Protein chains: 2
Amino acid sequence: MTSGSDFLLAARQCEIAELEELARTSELVAAIGRFIHGLQRERGMSNVFLSSQGKQFGPLRLLQVAECAGMEQQVRAQFDRLDIHSSQVRHGARLFSRVAVGLHGLDGLPALRQRVARQELPARESSAAYTRLVAGLLAVVFEAADSAMDPEISRALVAMFNFMQGKEFAGQERALGASLFGSGAIDLAGQQQWRHLIDSQQGCFQAFADFSDPEVLRADQASRDPAVIAEVERLRRIGCAGRPVALDSSLSQHWYEWATRRIDAMRGVEDVLTVNLRQLCEARIAQARTELRDQKALLEALASEAPYPGAEHAAPFGPQLDRSVLAMVQEQSRRLQAMSDELDAVRASLTERKVVERAKGLLMAHRHMTEDEAYKALRQMAMNQNRRLVDVAEAVLSLADVLPGGR
Amino acid sequence: MTSGSDFLLAARQCEIAELEELARTSELVAAIGRFIHGLQRERGMSNVFLSSQGKQFGPLRLLQVAECAGMEQQVRAQFDRLDIHSSQVRHGARLFSRVAVGLHGLDGLPALRQRVARQELPARESSAAYTRLVAGLLAVVFEAADSAMDPEISRALVAMFNFMQGKEFAGQERALGASLFGSGAIDLAGQQQWRHLIDSQQGCFQAFADFSDPEVLRADQASRDPAVIAEVERLRRIGCAGRPVALDSSLSQHWYEWATRRIDAMRGVEDVLTVNLRQLCEARIAQARTELRDQKALLEALASEAPYPGAEHAAPFGPQLDRSVLAMVQEQSRRLQAMSDELDAVRASLTERKVVERAKGLLMAHRHMTEDEAYKALRQMAMNQNRRLVDVAEAVLSLADVLPGGR
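Residues numbered from 1 in each chain as written. Chains lettered and ligands numbered in written order. Predicted model: local features only at pLDDT ≥ 70, side-chain atom pairs only at ≥ 80, totals over all residues. Heavy atoms only, no water.

*Asks:* Sorry if this is basic, but what is going on with the overall build of chain A here?
*Replies:* Scanning chain A for helices and strands turns up 15 helices and two strands. Taking all 407 residues of chain A together, the buried fraction comes to 56%. Of the contacts made within chain A by residues no fewer than 6 positions apart, 78% connect residues no fewer than 24 positions apart. In the structure as shown, chain A presents an accessible area of about 17600 Å², 54% of it carried by carbon and sulfur atoms. (Helix = DSSP H or I, 4+ residues; strand = E, 2+ residues; numbered from the N terminus. Buried < 20%, exposed > 50% of the residue type's maximum accessible area, 1.4 Å probe, protein only. Contact = heavy atoms within 4.5 Å. Areas by Shrake-Rupley, 256 points an atom, 1.4 Å probe, with all protein chains shown as cover.)

This is the structure in structure tokens:
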């Protein structure tokens, strides 16, 4: 028969198994981060390549594609390490489902690259395809952050997700700016969209700061070259002047380069986040193992101290020491509950994104929109009403009951 | 290499594994419900036995002890079915930790019964020991409700937990009423405590009603014999008259019998809840298996329809049908997210209890109180201020920062 002590130790072993799984997921997240950075560069180069009718970035783009292929293999290798046959990975259903979406995007990548190489599609369409792929991969990271069972590691993953998402908005801004400057004139709608991307970045980087260690924040500060920030801000000011402007289209290349410097510096912060996350996982695992060993030793000591034969029955660990075992099991139970409460608090920060996802789903179902269309509709509403995306999404959801059934 | 379809199917298989685990947990919850009912009777009989200096309920109590031993074996057998060695049971750490507390209580039961048989402890102390044991078992049920990953089943478990907890408050009310009537006089403090137990029951039964199927609610309605309710209410009115009263102590036995009728009727509702929960688990498992089969068949059909050799590479499922696979993976991902949101909403109803637990933990740490003392302190504050327990607990937690460090 399984005893209380068996369960006590088994609970601790479950914690260790969870932490080890989180360490694996963190490696996956790190590989995804590196790959996304590569895809962001590939997206940008493909954009310039297509916009210039193949005159610019031709060979560079091919080099970047080759580099991305290597990083893709690393991500796929990490996916393979997820044990899909055990059916036991925690929150496996949701994580696997996100991975399926991500892999579906990867499978379409060769065809996309072929069409880019043959210049068979406009820059805008190529850019949107890469953006969808990146979004699919970011959703895997989101899921990892949302399903982590350890509050400290969950905090680190939430910080990481927000940083990656903020960096992706920066990448979209780079593409938008390059294309707007390149067109030689920026209208109000373009400016509005640009400002929206700046706001979205700020929201993400704020959340990143809220959940980050001082060490990571210092690395982030150190990564910001004031000269780069100043030049990016100057170009933003020219681009989003608040009235339609005619521009020197050579600014496009200039903007692209400075925006790239800014984004490449972010990649360095991601590396710090990755190392930090790995160390955190290792420290938590080591700590849990030590506690398990101590607990085992204590239980064995207590069991051997039964003062007379048969006393185990009356008070299973000896009458005097019975209280200390009770205190131990109660303390463990309370600690796990406190962790779970803390976790709820960390996860609450992910709610905004979920609200937007739900609103998108609603628009897709009731208005027969694609995912892209639904997102654009929400964004347009937010821009027109000068409200945050999440507030518009909340408003859409609250209208759910009065929307026509559709289908 | 693991493909997107593999992950899609693996996600579904994870869901099935989770549902099967929930079905097992539900059987454990059912066994705990039966055992708690037995313990509640044993607590009551032990009370009367001790209060009457062994004159009443002597043989009946022994019969009840024997019956409880059988039910205890069933609970232990269910505990044994939890696979503690896989370290993979979802939320295993928290569940196992609760089981450890519960088993610790069970291990102390033989010693408690021996002391009752020898009349070595007062009724109040015996009653408190049984109540602690029941609370430990209810915490296992709470954990099961809190960790269920399927919103429908989580609703059913939340309803069940609240019903069981309400029934336990009814059992405590029975014990309190019997002892107060038995003492021949009821003071204001006793009346206040009595009213608090009535309020606590109402809170639980309201939550039970909020999360129950119409079928369960009908069973609950049908179980309420108006004659029993009327007599219980009449006796409550006499007991909680709002001013100190002198009473015929023979009312004690009378109250005990009518309160028992009420509680025994509740046991029937628990059986309906159990059957309902089992059917729900079976239906959800069958549904998930059908969906998995359909999805498998569809993916195989799509894979075989690649229109020309090599087309799998360009668009992995054939270009026309690529969209339908994408729709399938996105739909699954969105459905799982929606389930998770719904789950958060169901779980939010368990927050009150968690807040009270946290406040208790705080008092234990800062005021060196035992768990019982902390709970009594909170209850006393709630009664004095005429506020709900959860509001007092919130207030205590908000004072956490200004409390002296203690230790």
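There's more to say after this.
*Asks:* How do you make sense of the relation of the copies chain B and chain A when you look at a structure like this?
*Replies:* Related by rotation about an axis and a shift along that axis, the two copies of the chain form a pair. Of the transformation placing chain B onto chain A, the axial shift is 0.0 Å and the rotation is 180 degrees, giving an RMSD of 0.1 Å. Such a turn and shift between the copies fits a two-fold axis. The residues that chain B uses at the interface reappear at the interface of chain A in 100% of cases, marking a shared surface. (Least-squares fit on C-alpha atoms with pLDDT ≥ 70 in both.)

*Asks:* Sorry, what's going on with helix α4 (residues 109-117) of chain A here?
*Replies:* Spacing of three or four residues puts side chains on the same side of an α-helix, whose turn is 3.6 residues. The complete set of buried residues in α4 of chain A reads L109, A111, L112, R113 and V116 of chain A. Just past α4 of chain A, the residue Q119 of chain A takes up positive phi, approximately 55 degrees.

*Asks:* In this structure, what is going on with the pattern of salt bridges? I would like to understand it.
*Replies:* Summed over the entire model, instances satisfying the criterion amount to 60 salt bridges over all chains. Of the charged contacts, one joins K360 of chain A and E357 of chain A as a salt bridge, the two residues approaching to 3.2 Å between their closest N and O atoms. Taken together, the residues span about one helical turn, with K360 of chain A and E357 of chain A both in helix α13 (residues 351-367) at a distance of three residues. When its relative accessible area of 8% is taken as the criterion, K360 of chain A is described as buried. Put simply, E125 of chain B and R115 of chain B hold a salt bridge, and the shortest N to O gap is 3.9 Å. (Salt bridge = Lys/Arg side-chain N within 4 Å of Asp/Glu carboxyl O.)

*Asks:* Explain the interface of chain B and chain A to me, please; I cannot follow it from the model alone.
*Replies:* Interface size is commonly expressed as the accessible surface area that is lost when the partners come together. In this complex, chain B contributes 66 residues to the contact, which on the side of chain A involves 66 residues. Together chain B and chain A conceal approximately 5700 Å² of surface at their shared face, both sides included; 60% is due to carbon and sulfur atoms. Interface area lost by chain B to chain A is led by F7, H104 and Q337 of chain B, which between them contribute 12%. Across the chain B-chain A interface, the total number found is zero salt bridges. Where chain B packs against chain A, one counts zero residue pairs in polar contact (both at pLDDT 80 or more). Broken down by secondary-structure element, the contributors of at least two residues to the side of chain B that touches chain A are α1 (4-51), α2 (58-81), α3 (92-107), α4 (109-117), α5 (123-147), α11 (311-314), α12 (319-348) and α13 (351-367) of chain B. With 13 residues, α12 of chain B is the largest single contributor of residues to the side of chain B that touches chain A. For the side of chain B that touches chain A, a count of residues per class yields 29 nonpolar, 19 polar and 18 charged. (Buried area = accessible area lost by both parts, 1.4 Å probe. Polar contact = N/O pair within 3.5 Å; in protein donor to acceptor, adjacent residues only side chain to side chain. Nonpolar A, V, L, I, M, F, W, Y, C, P; charged D, E, K, R; others polar.)

*Asks:* In this structure, what is going on with the packing of aromatic side chains? I would like to understand it.
*Replies:* Each aromatic ring pair is specified by the distance between its two centres and by the angle formed by the two planes. Under the definition given, this model contains 18 aromatic pairs over all chains. Between the aromatic rings of F96 of chain A and F7 of chain B, the centroid separation amounts to 5.6 Å while the plane-to-plane angle is 70 degrees, which identifies the pairing as edge-to-face. With F96 of chain A in helix α3 (residues 92-107) and F7 of chain B in helix α1, the pair connects residues from two separate chains. For the pair shown, F96 of chain A and F7 of chain B are each scored as buried. With a centroid separation of 5.1 Å and an interplanar angle of 65 degrees, the aromatic rings of W194 of chain B and W255 of chain B are classed as edge-to-face. Of this pair, W194 of chain B sits in helix α7 (residues 188-210) while W255 of chain B sits in helix α10 (residues 251-304), placing them 61 residues apart in sequence. As far as the burial class goes, W194 of chain B and W255 of chain B line up, both buried. Three or more aromatic residues link up through ring pairs in this structure, and these residues are F7 of chain A together with F79 and F96 of chain B. (Phe/Tyr/Trp six-rings, centres within 6.5 Å; stacked < 30°, edge-to-face > 60°.)

*Asks:* How should the side chain of E15 of chain B be read in this particular structure?
*Replies:* Along the polypeptide, E15 of chain B turns up in helix α1. Among the residues examined, E15 of chain B registers a relative accessible area of 6% and is labelled buried. Not counting the four nearest positions on each side in its chain, E15 of chain B is found in contact with A93 of chain A together with R284, R335, L336 and M339 of chain B.

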